[in-house]
Every structure is written in C-alpha cells, then in structure tokens.
Amino acid sequence: MARTATSSDEPLRDFCREVLKQEALLRQGGGKAGLERQRKLGRLPARERITQLLDKDARFFEIGLWAAYKMYEEWGNIVAAGTVAGIGNVSGVPSMIIANDATVKAGAFFPATVKKLLRAQRIAFECSLPIIYLVDSAGVFLPMQDEIFPDEDDFGRIFRNNSVISAAGIPQFAAIMGNCVAGGAYLPVLCDKILMTEGSGLYLAGPSLVKAAIGQVVDQEELGGAKMHSEISGTVDFYEKSDESCLKRLRSLVALLPEAQRAADREIEIKGSTSAKSPDTVYDLVSLDGQKNYDVRDLLATIVDSNSIDEYKADYGKTLVTTYARIAGRPVGIVASQRLQVRTKKEGIQMGGVIYSDSADKAARFVMDCNQDRLPIIFFQDVTGFMVGRDAEQSGIIRSGAKLVNAVSNSVVPKITVVVGGSFGAGNYALCGKAYDPRFIVAWPTARYAVMGAAQASDTVFSILARARDRGDKKASHEELDELRQKVKQNYEEQTDIRYGAARGWVDAIVQPHETREVLIPLLQYVSRPTPQARFHTGVIQV
C-alpha cells in the first residue's frame, strides 16, 4: 500500500526528485543537434544502441552517469564524460557494455572518460563479466592530451587492460560503429571479436594526417573503411551494413557463450523474498541535512529479506552494527554505521555515527569471519569518523582503527559499499571507501564526502589563521578572517555534495534511497560470479 509523505520527509524527497530530473537530462547526451547528426550519418545514438543490445526489459545498472559533471565547463558540457557504461543482460548473460556517445564532442576522450572506462574494465574483470565495446570516438581530446595520454592510469592503460582481460579468458567484443582513430584503434584489435559497420573508419591516422605526414592522398574508405578491413587487411571479423544488423550479430555471438546456455538455471529467484519494511520508509529515517538520528536496523529492515538478520555481537561495540542477513536469498555480511546514541557497560554514552575502539575491534573480527565463510560484505556508511580525545587515545583507538583498516584491506571476499549519509575522515577508509577496492560503491543523494565536516573545516582554518595574525605572521582583520572562514565553508559544502564526488568517479552511481534493495540484488549476482584465475599467456591475438 502506498505511503503518504509527511512534512518531515518532504525536503529529502524533493531533493531526491531533483537529482532524478538532473539524471534524466544527463541521459539526453549532447542534445538535439548531436542526435540529429548521428541520425544523418545513419547511426543510432549510444543509448538506443544499448537498448537494442540488451534483452527485452533487462535492467541496466549504469556506472558513472555523473562523470565529468561541471568539470570541463571551459570546453562545454561534457555529459557523462562522453561515454555510457553499465551492466545488463545480453542473451541472458550479464555483460559490461561501454559505448562512446558521439553526440558529446564526437565521443572524444577527456581525463574523466579514461577514468570511467578503466573503472568499468576493472569491475568487469573482478566480476568476470564479458565486455562489449560500442566504439564511436574521435579519440583523445587534443587540447587536454597531457592529462589523458602519458601516465600509468591514462589512455594507454585501457589497452593494457584489454590484453590482461583477454589473457584471463574473459570474452571481449568490439563493434566499430563510427570513428575509431589513432591510439584508440588498438582497443577493438585487442578484443576477441571485431564487428564493423559500413561507413565507419578504423585507422591509426586519418586522411588529413596521412597527407601531412607522408604526402599520400587517400580517402577514408580506402584507408580504413569496413570493406577494406574485412576484405584486404583482414582485421574485421564481421562486416555489417547497419547498426541494427551489427547489434543483432552481437547478441547472437554472446548467445554462443557457454554461460548463455546456463543463464536460466542461474537466475535468482526473488519473487518469494521481501523486506520486513517497505523500502519507502527510509524517508522517515534520514533527513536531508544528515542531522537526524535513526536506528540503522530500521534501515536494514527495508533492504534485507524479512526474518533473515542474525546480529553479531549485538551488545558490544554498538556504534557499528554487524550482522549476517540475506538479500533475495543470497547470504551476506553487513557492517553498518549506527546513528543512534548508545549506552555501553564499559564506556557509557557513545555518539551515533562515530567509530569507537570496541566498534572497530568488533567490525575487524566480523570482516575476518566473513572471509572465513566466503560471504560478500556490504558496508553502509553514515560515519563522522573515529572518536577523538584523551579517553579515546588511551583506549587505543589508533590501534583498533588500524586493525579494522587492515582487515578491510586484506579482505578477499567481494565488497559493496553504500554511502547513506556522511563519509568523513578515516571512517571512509575503515568502512571500505573507494581506496579499499569495493567491487561497487553507490551513494544516496544525501551522501557527503570530506576529510571533515564543513563547519569543523572552516573553524579549523579560522583558528590557524587567527593564531598567525596574533603572532604577526599575517596582517589581516577579524572581518577578513571571518570572510575567509565563510568562503572555506562554502567551498567545503560544494565539494562534499555527492554530485561533486560522482563527477570524479568516487562512486559508481547515485541511487534513490527506496531503490537500494532493488539495486543490491543484481550487484550481488555480479560479485558472486567466479573470479578469473590469472595465468600467463597472451590471450587472443589478431592475425
């Protein structure tokens, strides 16, 4: 039965709706002019290609929709970093799909584009997902080549990953459906199978550059067209007349994988499992400003299967809740920030959202236990950091925190992180932030990222500068310092907005709070796939 929104949860609902509206705009890509250009060339837009490739009504978990958000405004609106990436079923097989969006700067690669593509490759490798590349790109965005081309995690890393992924036995399919030029031409040729549509181009240097470099005059088709590569160079495995026939061929090729035959047997049965509380009730728990306290067990009751919770050390280390549970029948371990103020026999009152020594010890032991039982771990972050002060230091908070960080760092089971609210300081690290290799990391619109809160940061900066002024190191009036404090606070608030972090790849996706369970179900399916076993050999090499 549908709930009626209350006045207390309406600001959060409004903000979440605003994020959804922004995402709808992002999915429009480069806008009307770019779409018209694609259709004039007889090509489908990137998202239409993906829709035709996916199984009917298949869910598409999109990664990096917010990539490059407000990052390159001097060059225009680089929507989603000019690339669409995500996971969906193709012929029954969960597959990573990476599609250049030629409506955004002709699909050119910006620094954020590279970062997004590398993240997608990593997820696919760790989850042993076949990768399908829909290539339609002008290559490196030359005005920013120094930030795209040379470093170890830049453009060249994509092709290194192609080779390693192939050697691990993970299928890679590349469909050239437009431009594929310069260094980018290595991507399809390092894949297992190459398809190319009529009118597309694959070459290391285009006609203009060839003329400038060696004085040779040659047209695009003769230099690197689909017919040339299928009939003369032998580079292309499948010559396709149109986008539609190319996508149909891709589906049939994926259907040949052994996994496609087993897909029906591996389908998760979720119809019989439901959560104890309606997912919509999360809006009663949290607030837009993150100040409202709540029992995280109520949040978990909207996500995990009804009657599946077995809480671990429930009466010890209470500011972190550690529990075994099931989601759509899959067993998991959960480490979640508790936002209620709690009372303990040994420490007395403890503040919600703070990690104390006993909480860190308990969570470290729980992470070890999940590894012993080979259970995936889901971390729910709404954490202000570790406890500070004399009592905390004397309790060994640094030692306990290091123990938890060590356990999370060395954990070999799949990890998924959900940032519900605050993700501050070392709390981000201890509860499996991006640096600790979560297979997936998603966030609610309410999420906030920073080394400390905006108020604390601005007060700290003010105190430092005020002391400097008193010592005579810096001549500034009290009014000037106060103005600086407000500026620091404003900058901090802008940078802690989760859209700022999502633009830079700190999270894979922003998800609506009430859809958390729905999102976690397929993610758990993906992370539960057998991990590829590394072995030395070259993989598929084109001849």
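What you are looking at is a predicted structure, and each value in this text was computed from that prediction instead of being measured.

1. With respect to the overall build of the protein chain
Inference 1: Of regular secondary structure, the protein chain possesses 22 helices and 20 strands.
Inference 2: By its C-alpha atoms, the protein chain is 80 × 65 × 50 Å across when sized along the principal axes.
Inference 3: For the protein chain, buried positions account for 54% of its 543 residues.
Inference 4: Taking contacts inside the protein chain between residues at least 6 apart in sequence as the whole, the part at least 24 apart equals 74%.
Inference 5: Surface accessibility of the protein chain: about 24900 Å² in total, with carbon and sulfur atoms responsible for 53%.
Inference 6: Each charge sign in the protein chain was given a centre, from 66 positive and 66 negative side chains, and these centres are 3 Å apart.

2. A closer look at the side chain of D358
Inference 1: By secondary structure assignment, the location of D358 is in helix α15 (residues 357-373).
Inference 2: Despite its burial, D358 pairs with no opposite charge, the nearest such side chain being K346 at 7.5 Å.
Inference 3: Non-local contacts of D358, meaning those with residues more than four positions away in its chain, are made with Y316, G317, T344, E347 and Q350.

3. Looking at a negative patch on the surface
Inference 1: Together, D219, E221, E222 and E231 give the surface a local cluster of negative charge.
Inference 2: Note on D219: relative accessible area 44%, which makes it partly exposed.

4. A few points about helix α6 (residues 155-167)
Inference 1: Taken together, the buried positions of α6 are occupied by F155, I158, F159, N161, N162, I165, S166 and A167.
Inference 2: Contacts made by the buried residues of α6 are with α4 (111-126), β4 (131-137), α5 (145-148), β5 (172-181) and α7 (186-189).
Inference 3: Of the residues one or two after α6, G169 is the one with positive phi, at around 85°.

5. Some details on the nonpolar core
Inference 1: Within the largest apolar cluster, 100 residues are counted, with the highest numbers of intra-cluster contacts made by L299, I378, F380 and F440.
Inference 2: Not counting residues within four places of it along the chain, the set of residues in contact with L299 comprises L285, Y294, F380, V420 and W444.
Inference 3: Counting residues in hydrophobic clusters, the runner-up holds 26 residues, among them A360, F379, V383 and C432.

6. A look at the pairing of strand β2 (residues 83-90)
Along a regular strand, successive side chains alternate from one face of the sheet to the other.
Inference 1: Summarising burial for β2: eight of the eight residues are buried, a large majority.
Inference 2: Burial of the side chains of β2 extends over both faces: T83, A85, I87 and N89 are buried on one face and V84, G86, G88 and V90 on the other.
Inference 3: The pairing of strand β1 (residues 61-63) with β2 spans three bridges and is classified as antiparallel. Residue pairing across strands places I63 opposite A85, the latter belonging to β2.
Inference 4: Direction of pairing for β2 relative to strand β3 (residues 93-100): antiparallel, over a ladder of eight bridges. Among the inter-strand pairings, G86 is bridged to a residue of β3, identified as I97.
Inference 5: Where β2 folds back onto β3 in an antiparallel hairpin, the turn is made up of two residues, including S91, whose phi is positive at roughly 55°.

7. Describing the packing of α4 against α6
To characterise two packed helices, one gives the angle between the axes of the helices and the distance between these axes.
Inference 1: Contact geometry of α4 with α6 gives a least axis separation of 9 Å together with a crossing angle of 15°. Compared by their axis directions, α4 and α6 come out roughly parallel. Classified by chirality, the crossing of α6 by α4 is left-handed. Residues V114, L117, L118, Q121 and F125 of α4 touch α6, and the partners they reach there are F155, R157, I158, N161, N162, V164 and I165.

8. Here's the deal with the environment of I123
Inference 1: Structurally, I123 is set in helix α4.
Inference 2: For I123 and Q381, which are 258 residues apart along the polypeptide, the C-alpha to C-alpha distance reads 21 Å.
Inference 3: Beyond its immediate sequence surroundings of up to four residues, I123 is in contact with I63, I87, M96, R439, F440 and D508.

9. Quick look at the side chain of Q338
Inference 1: Mapped onto the elements of the fold, Q338 is located in the loop between β11 (330-337) and β12 (342-344).
Inference 2: On the basis of relative accessible area, Q338 is assigned to the buried category, the value being 2%.

10. Describing the state of the cysteines
Inference 1: Under the criterion given, the structure shown has zero disulfides.
Inference 2: In this structure C127 is not part of a disulfide, and its nearest cysteine sulfur, from C432, lies 13 Å away.
Inference 3: The cysteine C180 is free of any disulfide, with C191 supplying the nearest cysteine sulfur at 9.6 Å.
Inference 4: Residue C180 is classed as buried on the basis of its relative accessible area of 1%.

11. Overview of the packing of α15 against helix α17 (residues 397-410)
Inference 1: Look at α15 against α17: their axes get within 8 Å of each other, and the N-to-C directions meet at 20°. As judged from the angle between their axes, α15 and α17 are roughly parallel. Taken as a pair, α15 and α17 cross one another with a handedness that is left-handed. Only I397, S400, G401, K403, L404, A407 and V408 of α17 make contact with α15, whose side of the interface consists of S357, A360, D361, A363, A364, V367 and M368.
Inference 2: When its residues are assigned to classes, the contact of α15 with α17 shows nine nonpolar, three polar and two charged.

12. Describing the packing of aromatic side chains
Inference 1: Across all of its chains, the model carries 15 aromatic pairs by this definition.
Inference 2: Measuring from centroid to centroid gives 5.0 Å for Y324 and F366, while their planes differ by 50°, and the two rings are tilted. Taken together, the residues Y324 in strand β10 (residues 320-327) and F366 in helix α15 connect sequence positions 42 residues apart. Each member of the pair, Y324 as well as F366, carries the same accessibility label: buried.
Inference 3: Between F440 and Y526, the ring centres sit 6.3 Å apart and the planes meet at 50°, which makes this aromatic pair tilted. Residue F440 is found in strand β18 (residues 440-443), and its partner Y526 is found in helix α22 (residues 516-527); the two are separated by 86 residues along the sequence.

13. Here we look at unusual backbone geometry
Inference 1: The backbone phi angle of A68 is positive, close to 70°, even though this residue is not glycine.
Inference 2: Examined against the element boundaries, A68 turns out to sit in the loop between β1 and β2.
Inference 3: For K70, which is not glycine, the phi torsion reads 60° and is therefore positive.
Inference 4: With respect to the helices and strands, the residue K70 is situated in the loop between β1 and β2.

What counts, and at which threshold
- Residues numbered from 1 in each chain as written.
- Predicted model: local features only at pLDDT ≥ 70, side-chain atom pairs only at ≥ 80, totals over all residues.
- Heavy atoms only, no water.
- Helix = DSSP H or I, 4+ residues; strand = E, 2+ residues; numbered from the N terminus.
- Buried < 20%, exposed > 50% of the residue type's maximum accessible area, 1.4 Å probe, protein only.
- Contact = heavy atoms within 4.5 Å.
- Areas by Shrake-Rupley, 256 points an atom, 1.4 Å probe, with all protein chains shown as cover.
- Lys, Arg positive; Asp, Glu negative; His and termini not counted.
- Charge placed at Lys NZ, Arg CZ, Asp CG, Glu CD.
- Salt bridge = Lys/Arg side-chain N within 4 Å of Asp/Glu carboxyl O.
- Patch = residues over 30% accessible without salt bridge, like charges linked within 9 Å, V, L, I, M, F, W, Y side chains within 5 Å.
- Core = buried A, V, L, I, M, F, W, Y, C linked by side-chain atoms within 4.5 Å.
- Pairing = 2+ DSSP bridges.
- Axes fitted to C-alpha atoms, helices over the stretch in contact; angles between N-to-C directions.
- Parallel < 35°, antiparallel > 145°, perpendicular 65-115°, else oblique.
- Left-handed = near helix turned anticlockwise from the far one by under 90°.
- Disulfide = S-S within 2.5 Å.
- Nonpolar A, V, L, I, M, F, W, Y, C, P; charged D, E, K, R; others polar.
- Phe/Tyr/Trp six-rings, centres within 6.5 Å; stacked < 30°, edge-to-face > 60°.

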